[in-house]
Amino acid sequence: MSLGPVMVDVNGTALELDEREMLRHPAVGGVILFSRNYHDVDQLRALVAEIHAVREPHLLVAVDHEGGRVQRFRSGFTRLPRARRLGDVHERDPSRARRLSQTAGWVMARELRAVGIDFSFAPVLDLERGVSGVIGDRAFHSDPEIVSDLAGAYILGMREAGMAATAKHFPGHGAVIEDSHEAIPVDERRFADIFAEDVLPFERLIRQGLAAVMPAHVIYSRVVPEPAGFSPFWLQEVLRERLGFQGVVFSDDLDMEGASVAGDYPERAKAALGAGCDMAIICNNPPAAARILDGLGENNNPVLHARLARMHGLHPVTLSELHRDPHWRRASEALHALEDDPSLELGI
């Protein structure tokens, strides 16, 4: 059974019988985990293994695990710095900031791979413009060149640990006040300004082989009337054709208010997939997920299957092997120290 074009979530720390059946649906291709799915590292590893065992090729298992405010698993994992902390270091010492960013990407990815998780939806490429509360310190910096520099190092660390990166939120969420979880943000800037500034980090990292992108539930009203995640212009003309992106496009969560403009839940999924998303994500709403799956059949697109295969995690490692690794111990200690006092000279 091939991977389908929908990513769903599960309720608890182990699979229920009805969830196991849902994961066998041909339209399902992945599972996104949340803090509610975590009790400890052994339980999490068992849950991921349980999800992977449902079918072959195994479903993708993902999580939002950026660091700072957005780190789903805490106890038993390294406390990851918020991206802006790395941007602050870059202002004083760019070379050290790149090393630290690569270290953060490696530690994040290596720890998740040690419990079997395939990938994290990271890094954030949005620019910190001082207006977006939902982005804020999740952004590396306000300068697109610095964002490109630090995100490129972060992705390199992820790749070394066996994890593909997903850059978000294309073409940029940082210039709107509204949170797309709770509102329908509208960015009134001209296309030329968005492309020259916010798109620049995406363009740079696509040239370096970026594996995946997540578009924003933001309407760029002077460009097209629909949010980027439902826009053939943004996803096909700009991302695929102009930027030459070859990887996976994941929708943002279709249960967010920013997605409501596309209609009911099946209409949202069809609109996202029709616009150019490869996988539609639906979270925290089991009835909506069921409606979406009922409205979609099996996807036999070989191009999609080849793209999704790139998201399977590589370089498996056990937790005991990881915890014996002196490189992991030094890197984890350096990241803890960075969050406590970014002025320290950490030897990394």
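Look up a bit, the structure's there.
Summary of the structure given here. The written sequence of each chain sets the order in which its residues are numbered from 1. With the structure being a predicted model, the display of local features is reserved for residues of pLDDT at least 70 and the display and counting of side-chain atom pairs for 80 or more, all residues being used for whole-chain, interface and lining totals. To obtain the side-chain values, all non-hydrogen atoms of the structure were included, while hydrogens and water were left out.

Our focus in this paragraph is the side chain of Lys168. Structurally, Lys168 is set in strand 7 (residues 166-170). Any N or O atom pair separated by 3.5 Å or less is treated as a polar contact, with the protein-specific requirement of one donor-capable and one acceptor-capable atom, and with residues adjacent in sequence counted only for side-chain atom pairs. Of note is the side chain of Lys168, whose polar atom sits 2.9 Å from the side chain of Glu66. At 2.8 Å, the side chain of Lys168 and the backbone oxygen of Phe121 are in polar contact. It only takes one pair of heavy atoms within 4.5 Å for two residues to be counted as in contact. In this structure Lys168 touches Asp64, Glu66, Phe121, Pro123, Val124, Leu125, Asp126, Arg138, Phe202 and Met214, once residues within four positions along its chain are discounted. Put simply, DSSP marks the helices as runs of H or I at least four residues long and the strands as runs of E at least two long, and each gets a number from the N terminus on.

Another aspect to go through is the pattern of salt bridges. For this analysis, a salt bridge means a side-chain nitrogen from Lys or Arg found within 4 Å of a carboxyl oxygen belonging to Asp or Glu. Inspection of the entire model under this criterion finds 24 salt bridges. In this structure, Glu66 and Lys168 form a salt bridge, with 2.9 Å as the shortest nitrogen-oxygen distance. With Glu66 in strand 4 (residues 65-67) and Lys168 in strand 7, this residue pair connects regions lying 102 residues apart in the sequence. Only protein chains enter the accessibility calculation, which uses a 1.4 Å probe; a residue is then buried when its area is under 20% of its type maximum, exposed when over 50%, and partly exposed in between. Owing to a relative accessible area of 2%, Lys168 belongs among the buried residues under this scheme. Three or more residues are tied together by salt bridges with common partners; here these are Asp64, Glu66, Arg72, Arg138 and Lys168.

Of the two faces of strand 3 (residues 60-63), the one carrying Leu60 and Ala62 and the one carrying Val61 and Val63 are both buried. Bridge count between strand 2 (residues 28-33) and strand 3: four bridges; the pairing is parallel. Paired with Val31 across the strands is Val61, a residue of strand 3. Orienting the strands away from the viewer, one traces the path from the first strand over the helix to the second; a clockwise path indicates a right-handed crossover. The β-α-β motif built from strand 2, the intervening helix 2 (residues 41-52) and the parallel element strand 3 has right-handed crossover chirality. Being paired, for any two strands, means DSSP has found at least two bridges between them.

So, about the nonpolar core. One finds Leu33, Ile117 and Phe250 to be the most contacted residues of the largest nonpolar core, which totals 115 residues. Looking at this core element by element, the count peaks at nine residues for helix 4 (residues 94-114). When near neighbours in sequence (up to four residues on either side) are disregarded, Ile117 contacts Leu33, Leu44, Val48, Val61, Ala62, Val63, Phe73, Leu112 and Met163. Definition of nonpolar core: a set of buried residues of the types Ala, Val, Leu, Ile, Met, Phe, Trp, Tyr and Cys, connected through side-chain atoms within 4.5 Å.

Once that is clear, we can look at the sheet that holds strand 11 (residues 248-253). Overall, parallel pairing links the eight strands, which are arranged 6-3-2-1-12-11-9-7 in an open sheet. If you trace the sheet from one side to the other, it starts and ends with strand 6 (119-120) and strand 7, each paired once. Note that strand 3 and strand 6 share two bridges and pair parallel. When the sheet's bridge partners are listed, Val63 is paired in strand 6 with Ser120.

This brings us to the packing of helix 3 (residues 83-92) against helix 5 (residues 144-160). Two elements in contact, helix 3 and helix 5, have axes separated by 11 Å at closest approach and are oriented at 110 degrees. Viewed along their axes, helix 3 and helix 5 adopt a mutual orientation that is roughly perpendicular. Crossing angle aside, the handedness with which helix 3 passes helix 5 is right-handed. Taken together, the residues of helix 5 that come into contact with helix 3 (itself represented by Leu86, Gly87 and His90) are Ile146, Asp149 and Leu150. Whenever a helix is involved, its axis is fitted only over the stretch in contact; in every case the axis is a line through C-alpha atoms, and angles between N-to-C directions fall within 0 to 180 degrees. Small angles under 35 degrees read as roughly parallel and large ones over 145 as roughly antiparallel, with 65 to 115 read as roughly perpendicular and the rest as oblique. For any pair of crossing helices, the crossing counts as left-handed if the nearer helix is rotated counterclockwise from the farther one by less than a right angle, and right-handed if it is rotated clockwise.

This brings us to the state of the cysteines. When the sulfur atoms of two cysteines come within 2.5 Å, that pair is taken as a disulfide. On inspection of all chains with the given rule, the structure shows zero disulfides. The cysteine Cys277 is free of any disulfide, with Cys283 supplying the nearest cysteine sulfur at 13 Å.

Two aromatic rings, drawn from Phe, Tyr or Trp (for Trp, its six-membered ring), form a pair once their centres lie within 6.5 Å of each other, and the interplanar angle then sorts them: stacked below 30 degrees, edge-to-face above 60, tilted otherwise. Counted according to the given criterion, the structure contains 14 aromatic pairs. Measuring from centroid to centroid gives 5.1 Å for Tyr38 and Phe73, while their planes differ by 45 degrees, and the two rings are tilted. You can see Tyr38 sitting in the loop between strand 2 and helix 2 and its partner Phe73 sitting in the loop between strand 5 (70-71) and helix 3, a full 35 residues away along the chain. Residue Tyr38 is classed as buried on the basis of its relative accessible area, which comes to 14%. With 6.1 Å between their ring centres and 85 degrees between their planes, Phe170 and Trp234 make a pair best called edge-to-face.

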